[in-house]
Amino acid sequence: VPDRVSEGELLAPLRVVANLLESCAFRQVWAALAPLRSGLLDFVPGFDEALREYILSTMQITYQAIPEQHLCESLGVAPAEIQPMVAERGWSLEDGVIKVTLNADNQAKPKKADQRGLLRREQMSKILSSIGAYH
């Protein structure tokens, strides 16, 4: 989008929202959208649902557990509205913490040893014998 268009009255606030989403500042997104509600967003059906889906998918690949209050604020919903969203994804709510189903993205992965950087036995024996020669 050319700068002259993106700096326009309607698109500048959308750019702010896009930057907040890209930096995962989800709680600030809802306040940034407020000025757009009575104009631009009235003509975009399903916008909030799509935005919440994006946030939930980002949370799913990032976290194993999320405080319920944090997730509610990130999604811009009341605590009473969170249970169906959590259940739909197979997540559970335990003592105010949302337990995210483990997946390939939200688990720590052991680092594989770089086989190319390892010394072979012949190289190691030369090093050890040269060290022994100095003692």
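Residues numbered from 1 in each chain as written. Predicted model: local features only at pLDDT ≥ 70, side-chain atom pairs only at ≥ 80, totals over all residues. Heavy atoms only, no water.

Peer 1: Would you mind showing me how to read the overall build of the protein here?
Peer 2: A count of helices and strands for the protein gives 7 helices and 3 strands. Each helix (α) and strand (β) of the protein, taken in turn from the N terminus, gives the series α-α-α-α-β-α-α-β-β-α. Across the 135 residues in the protein, those meeting the buried criterion constitute 25%. With the model as given, the accessible surface of the protein reaches about 9600 Å², and the carbon-plus-sulfur share is 57%. (Helix = DSSP H or I, 4+ residues; strand = E, 2+ residues; numbered from the N terminus. Buried < 20%, exposed > 50% of the residue type's maximum accessible area, 1.4 Å probe, protein only. Areas by Shrake-Rupley, 256 points an atom, 1.4 Å probe, with all protein chains shown as cover.)

Peer 1: Help me understand the packing of aromatic side chains in this model?
Peer 2: Aromatic ring pairs are reported here in terms of the distance separating the ring centres and the angle at which the planes meet. Tallying each qualifying case throughout the model produces 1 aromatic pair. Their ring planes at 85° and their centres at 6.4 Å tell us that Phe 26 and Tyr 54 sit as a pair that is edge-to-face. On the criterion of sequence distance, the pair formed by Phe 26 in helix H3 (residues 26-33) and Tyr 54 in helix H4 (residues 47-62) is long-range, its members being 28 residues apart. Residue class for Phe 26 comes out buried when judged on its relative accessible area of 4%. Under the relative-accessibility criterion, Tyr 54 is labelled partly exposed at 38%. (Phe/Tyr/Trp six-rings, centres within 6.5 Å; stacked < 30°, edge-to-face > 60°.)

Peer 1: What is the right way to look at the packing of H3 against helix H5 (residues 68-75) in this model?
Peer 2: As a packed pair, H3 and H5 sit with axes 6 Å apart at the nearest point and diverge in direction by 30°. Of the two elements, H3 crosses H5, and the hand of that crossing is left-handed. Facing Phe 26, Arg 27 and Trp 30 of H3, the residues of H5 in contact are His 70, Glu 73, Ser 74 and Leu 75. Partitioned by chemical class, the residues of the contact of H3 with H5 number 3 nonpolar, 2 polar and 2 charged. (Axes fitted to C-alpha atoms, helices over the stretch in contact; angles between N-to-C directions. Left-handed = near helix turned anticlockwise from the far one by under 90°. Contact = heavy atoms within 4.5 Å. Nonpolar A, V, L, I, M, F, W, Y, C, P; charged D, E, K, R; others polar.)

Peer 1: I'm lost on the environment of Ala 32 in this one. Help?
Peer 2: Assignment of secondary structure puts Ala 32 in helix H3. Here Ala 32 falls in the buried class, since its relative accessible area comes to 18%. Along the backbone, Ala 32 and Pro 13 are 19 residues apart, and their C-alpha atoms lie at a distance of 7.2 Å. Once you skip the residues sitting within four places of it in the chain, Ala 32 turns out to touch Val 16, Val 17 and Leu 20.

Peer 1: Is there a simple way to think about the nonpolar core in this case?
Peer 2: When a protein is soluble and globular, its nonpolar side chains tend to lie buried together. The biggest cluster of nonpolar side chains holds 25 residues, and the ones touching the most others in it are Leu 33, Leu 71 and Trp 91. No other element matches the 5 residues that H3 contributes to this core. Excluding anything up to four places from it in sequence, Leu 33 contacts Val 17, Leu 41, Phe 47 and Leu 51. (Core = buried A, V, L, I, M, F, W, Y, C linked by side-chain atoms within 4.5 Å.)

Peer 1: Whenever I open this one, the pattern of salt bridges confuses me. Can you help?
Peer 2: Opposite charge on two side chains permits pairing when their charged atoms draw close. Tallied over the full model, the rule gives 3 salt bridges. Across the pair Glu 73 and Arg 27 runs a salt bridge whose closest N-O atoms are separated by 3.4 Å. Of the two residues, Glu 73 sits in helix H5 while Arg 27 sits in helix H3, which places them 46 residues apart along the sequence. (Salt bridge = Lys/Arg side-chain N within 4 Å of Asp/Glu carboxyl O.)

Peer 1: Hey, could you run me through the sheet that holds strand S3 (residues 97-99) in this one?
Peer 2: Strand pairing within a sheet occurs via backbone hydrogen bonds; the two strands may be parallel or antiparallel. A sheet is described by the order of its strands in space; here 3 strands give the open sequence S1-S3-S2, paired in antiparallel fashion. Because the sheet does not close on itself, it has two edges, and the strands there are strand S1 (65-67) and strand S2 (92-94). Strand-to-strand twist in this sheet, taken as the mean axis angle between neighbours without regard to direction, amounts to 30°. The pairing of S2 with S3 spans 3 bridges and is classified as antiparallel. Its bridge partner lying in S3, Leu 93 is registered against Ile 98. Set on the sheet, H5 makes contact with S1, S2 and S3; between it and S1 the angle comes to about 80°. (Pairing = 2+ DSSP bridges.)

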